[in-house]
Each structure stands twice: as structure tokens, then as C-alpha cells.
Amino acid sequence: MLYLVATPIGNLEDISLRAIRTLQEADIVACEDTRHARVLFERHGIRPRRLVSYHSHNERSRAAELADDLRTGATVAVITDAGTPGISDPAWAIVREAIALGVEVVPVPGACAAIAALSASGMDTTRFAFEGFLPLKKGRRRRLEQIAAEDRTVVIYESPHRIKRLLEELLTLCGPERQASLAREITKLHEAFERGTLKEISGRLEERFPEAVKGECVVVLAAREPEPGLR
Ligand code: SAM
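Residues numbered from 1 in each chain as written. Predicted model: local features only at pLDDT ≥ 70, side-chain atom pairs only at ≥ 80, totals over all residues. Heavy atoms only, no water.

## Observations regarding the site of the ligand
Neighbouring the ligand are 18 residues, the closest being Ile 9, Thr 84, Ala 113, Tyr 157 and Cys 217. Between the ligand and Cys 217, the relevant distance is 2.6 Å, taken from an oxygen atom to a main-chain nitrogen or oxygen of the residue. Within the complex, the protein chains bury 91% of what would otherwise be the 570 Å² of accessible surface of the ligand. Of all elements in the fold, only strand 7 (153-158) and strand 10 (217-221) reach the threshold of two or more residues within the shell around the ligand. Looking at the shell around the ligand residue by residue, the class counts come to 10 nonpolar, three polar and five charged. Of the domains in this structure, domain 1 (2-108) and domain 2 (113-221) are the two that each give at least three residues to the shell around the ligand. (Near = heavy atom within 4 Å. Polar contact = N/O pair within 3.5 Å; in protein donor to acceptor, adjacent residues only side chain to side chain. Areas by Shrake-Rupley, 256 points an atom, 1.4 Å probe, with all protein chains shown as cover. Helix = DSSP H or I, 4+ residues; strand = E, 2+ residues; numbered from the N terminus. Nonpolar A, V, L, I, M, F, W, Y, C, P; charged D, E, K, R; others polar. Domains from an automatic or database assignment.)

Here it is, written out as C-alpha cells:
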């Protein structure tokens, strides 16, 4: 059995009782960064039976090894550095392996930065598109154009040192009046939400640079306004 266990995205209290029990009882816990995981384990008194690392540099080889363990009947719990495994992180590879093997894949839900940012954004949440990280070079412009034309709310992950550039690109393609919400450091000490037009948000970041662009970010962008007469 493969458990996908959601862990906190900042505040270590954001973990379910079921997640703690699953991590304690699994034969193997696979995590992205063992030092990072140990902080969580210490906070909740979790003593995993066996801890292995599973990250973007060894995901294919480690996924194959974990698949062997799953084949022999082991219970494997996967966690990542933050949030829900498989959402913009290396856990997807082991999920595919497990499904191909006919192994049961069980989510243990919890925090997810995209959903936390969306829920507090003030944008229309009835329909939304998750874009994750945009490509850095090839295909980036095309993806940005698709996002600008999207008729659902769009959720984008971005790293702090590229957030200014992303907001500038969105401003150029979507226009200065498009509404957005920039969520930073959700559930952490310096949690902040910047809401308003792209022009206002960019202006505020400019004023408070570099403090305003520190920490992990999620951009929630309002849908394109329908052309007059189309609604
Ligand atoms: N699996 C994770 C989830 O469920 O949200 C996402 C992992 S992805 C590698 C990391 C990205 O998630 C960051 O670059 C940032 O965009 C977003 N993120 C994670 N934690 C966050 C937080 N506390 N505040 C804002 N964004 C966060």
C-alpha cells in the first residue's frame, strides 16, 4: 500500500492525526529531505521504522526501489518538504509506479499551498486552473499567453527570486487592471496576502523591495473578463 501523506506548508501544527499515525505505522517513510522531515517528526514524536530519501535527483531510481518494496507487500508512506505529495513535487513518479503495479494508492489529505492561497484570495473559486511552476525558458511565453486568456481563476507557484519577473510578465499580458492575489509564507510567521490589481501589487512590491519578495509565493490570478456580449 502506498500512502501519500500531506504535511504542513509552514506551521507544524497543520498535520492530521491520521497522517501522524500513518507515518508511525508505515514500514518505510520516503521523504524529500531527511533533515527537514526530522524537524516534523520531533515536533510530533514520530519515530519512522525506516526513513529513506526520495527527491528530484533520485526520483526514478528510488521510485523503482520503492516499487520493489511495494511489490513485496511493504507499506510505504511518502511525504515531501511541504504540503500534498504529487502536487508540483517528485512524488508523482512513485504514484505512477504503484498504479502500474496494481498497488493501492491512498491519499492522507492535508495542507496544499495552492488551495490555501486560492481559498483566501477573494477570487472566484467555482472554477480554477492549476498551473504549478511555469517553464523558465522554452514554452514560457506561450503558457503566459494561455494564462492571460484563461476564463477560470489561475493558480501559479513561483519562487521568491522570480516573483517580480512573473508579475511584470502578467501585467504586460493581462493588463494593469487584472485582479490578483499574491500569497507569501502561508501559515508561517510572516504570512502575507497582497490583493488588488496587478499594477497595485507590483507597485507595493517595488516600494517594499526586497522584503516584499521574500518567502515562498503563490499567485492567484482572476479570470479574463468575458468580451462584451459573450456572458
Ligand atoms: N506539494 C506542495 C503543495 O502541496 O503545495 C507544493 C510543492 S512545490 C515544490 C513548492 C511551491 O509551493 C513553492 O515554490 C511555493 O510556490 C508553494 N508553497 C509551498 N509552501 C508555501 C507557503 N508556505 N506559502 C506560499 N507558497 C508556498
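## Some words on the domain arrangement of the protein
The assigned domain composition of the protein is domain 1 (2-108) and domain 2 (113-221). Placing the centre of domain 1 and that of domain 2 at their C-alpha centroids yields a distance of 29 Å. Taken together, the contact between domain 1 and domain 2 spans six residues of the former and nine residues of the latter. Summed over the three residues of domain 1 that lose the most area to domain 2, namely Ile 9, Ile 87 and Ser 88, the buried surface amounts to 75% of that side. Put simply, domain 1 and domain 2 have zero salt bridges between them. Along the contact surface separating domain 1 from domain 2 lie two residue pairs in polar contact (both at pLDDT 80 or more). (Contact = heavy atoms within 4.5 Å. Buried area = accessible area lost by both parts, 1.4 Å probe. Salt bridge = Lys/Arg side-chain N within 4 Å of Asp/Glu carboxyl O.)

## Describing the pairing of strand 8 (residues 179-184)
Across the six residues that make up strand 8, a large majority, five, are buried. Note that strand 8 and strand 10 share five bridges and pair antiparallel. Paired with Leu 182 across the strands is Val 219, a residue of strand 10. (Buried < 20%, exposed > 50% of the residue type's maximum accessible area, 1.4 Å probe, protein only. Pairing = 2+ DSSP bridges.)

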